[in-house]
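Structural overview
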Amino acid sequence: MNSVPEPAKLKKTNLLDFDRKGLAAFFVDLGEKPFRATQLLKWIYQEGLTDFDLMTNLSKPLRNFLTENCCLETPEIVVEQHASDGVYKWALQTHCGNRVETVFIPEEGRGTLCVSSQIGCALACTFCSTAQQGFNRNLSTSEIIGQVYVAQNRLGKEARVTNVVMMGMGEPLLNFDNVVAAMNLMMDDFAYGLSKRRVTVSTSGVVPAMYRLTEVCDVSLAVSLHAVTDELRDELVPINKKYPLKELMEACRANAKLAPRRTVTFEYVMLDGVNDSLEDAHGLVDLLSTVPAKINLIPFNPFPLSSYRCSSNNRIHQFKTLLNDAGIVTTVRKTRGEDIDAACGQLVGQVKDKSRRHLKLKLAGAESVV
Ligand code: SAH
């Protein structure tokens, strides 16, 4: 008797990989009506159901089809750390054996989730510890929205995720489609329903992607500026060599034009003796004179092998006062979660580096890491 080969086991479709538009197309392909997408989103994100069979407004055959062919898969929390100031940091295991980190920052009346977009980072900003990890791959949409999903599940009634900042590991605009789909879900009234003011994407300045973002996805924009001359920015944020300040500012202006009274937030890490002179502050005022801007000064958070130091409190205060006096709303980012390495630039996860940067840095010796 001839043996019949077993059919290859088909991989199930993860429905967390689709935003509403993607889900509607998925259902239309199945010969279903597009409104199935909104029904499903509500079950998943608002009712928290994972069993398709309990989704009673879908027909029985459709529920059976979904059970057999689809899944709702998120990365899994493998380590939880809880800082003395209430900040949570979770390490999430992805199916490929890497880990990314997600941080929840509770504040009076709100809760901000800091979400990762890539495993590691392909950019090499000299003051950021994620950069030292090298790069493995982009996260999928399900792995990005999954961070909100598992965080909210874990927090339960203790707290709500009211704001999301794409400021975890990675450069979000180099993972454009998946990040946009995930942010669409964050803002979708049938999913998390956050307002566009409460979803922020932070970029090191990937200029072409900033224009695309302005066209397709209306979220708040933060730009990691960190220097006011191309010479210094080339060194601190090397992507500046490709997209220098003049082009970056142009893209920021285009984004600010989206709506009246809209502002772009500029992040500026305070590095002692590097970018924190009062001349730098004056340079910042000049540079931002043609962009509706807010400034967020970030005290530098040290990490192993970094040789930068944070500016003194005095200097940060002087810098802030000068900017505020020049009419630019300027705040100093409060460092949170320090005792569990959950602060800006300290997220490292576990990255199987494919860029070999990790190795190159090791060979070059610790001194040249920054
Ligand atoms: N790649 C994106 C998202 C990272 S957001 C971006 O560059 O914007 C994280 C923010 O923290 C960025 O502004 C980043 O420049 C800043 N940052 C990185 N390392 C830091 C450190 N060691 N101390 C303080 N801020 C840091």
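The model shown is predicted, which means the values in this text are computed figures rather than measured ones.

1. Here's the deal with the state of the cysteines
- Here the structure, examined in full by the defined rule, presents zero disulfides.
- Cys-217 takes part in no disulfide bond, and the closest cysteine sulfur to it belongs to Cys-252, at a distance of 16 Å.
- Between Cys-252, a cysteine without a disulfide, and Cys-125, which holds the nearest cysteine sulfur, the sulfur-to-sulfur distance is 15 Å.

2. Some thoughts on the environment of Met-55
- Along the polypeptide, Met-55 turns up in the loop between helix 2 (36–46) and helix 3 (60–69).
- Relative accessible area serves as the criterion here: at 0%, Met-55 is assigned to the buried category.
- The spacing of Met-55 and Cys-252 is 197 residues in sequence and 44 Å in space, taken between C-alpha atoms.
- Filtering out sequence-adjacent residues up to four positions away, Met-55 remains in contact with Leu-40, Trp-43, Leu-49 and Arg-63.

3. Regarding the packing of aromatic side chains
- Inspection of the entire model under this criterion finds eight aromatic pairs.
- Arranged with centres 6.4 Å apart and planes meeting at 85 degrees, the rings of Tyr-45 and Tyr-149 form a pair that is edge-to-face. Note that Tyr-45 is positioned in helix 2 and Tyr-149 in helix 5 (residues 141–155), a separation of 104 residues in sequence.
- Judged by its relative accessible area of 9%, Tyr-45 is buried.
- Note on Phe-300 and Tyr-308: the rings are 6.0 Å apart at their centroids and 80 degrees apart in plane angle, and the pair reads as edge-to-face. Across this residue pair, the class does not change: Phe-300 and Tyr-308 are buried.
- An aromatic cluster is present here, built from Phe-18, Phe-26 and Phe-27 joined pairwise through their rings.
- For Arg-212, the ring lying beneath its charged end belongs to Phe-176, and the centroid distance is 3.9 Å.

4. Concerning the site of the ligand
- Not every one of the 20 residues close to the ligand is listed here, only the nearest: Phe-127, Ser-202, Ser-224, His-226 and Asn-301.
- Within the backbone of Phe-127, an N or O atom sits 2.8 Å from a nitrogen atom of the ligand.
- Between Glu-267 and the ligand, the recorded distance is 3.1 Å, taken from a side-chain N or O atom to an oxygen atom.
- Taking 530 Å² as the accessible area of the ligand by itself, protein coverage stands at 95%.
- Contributions of two or more residues to the shell around the ligand are made by strand 10 (199–203), strand 12 (264–270) and strand 13 (293–299).

The rules we used
Residues numbered from 1 in each chain as written. Predicted model: local features only at pLDDT ≥ 70, side-chain atom pairs only at ≥ 80, totals over all residues. Heavy atoms only, no water. Disulfide = S-S within 2.5 Å. Helix = DSSP H or I, 4+ residues; strand = E, 2+ residues; numbered from the N terminus. Buried < 20%, exposed > 50% of the residue type's maximum accessible area, 1.4 Å probe, protein only. Contact = heavy atoms within 4.5 Å. Phe/Tyr/Trp six-rings, centres within 6.5 Å; stacked < 30°, edge-to-face > 60°. Lys NZ or Arg CZ within 6 Å of the ring centre and 35° of its normal. Near = heavy atom within 4 Å. Polar contact = N/O pair within 3.5 Å; in protein donor to acceptor, adjacent residues only side chain to side chain. Areas by Shrake-Rupley, 256 points an atom, 1.4 Å probe, with all protein chains shown as cover.

Purely geometric numbers; function is a separate question.
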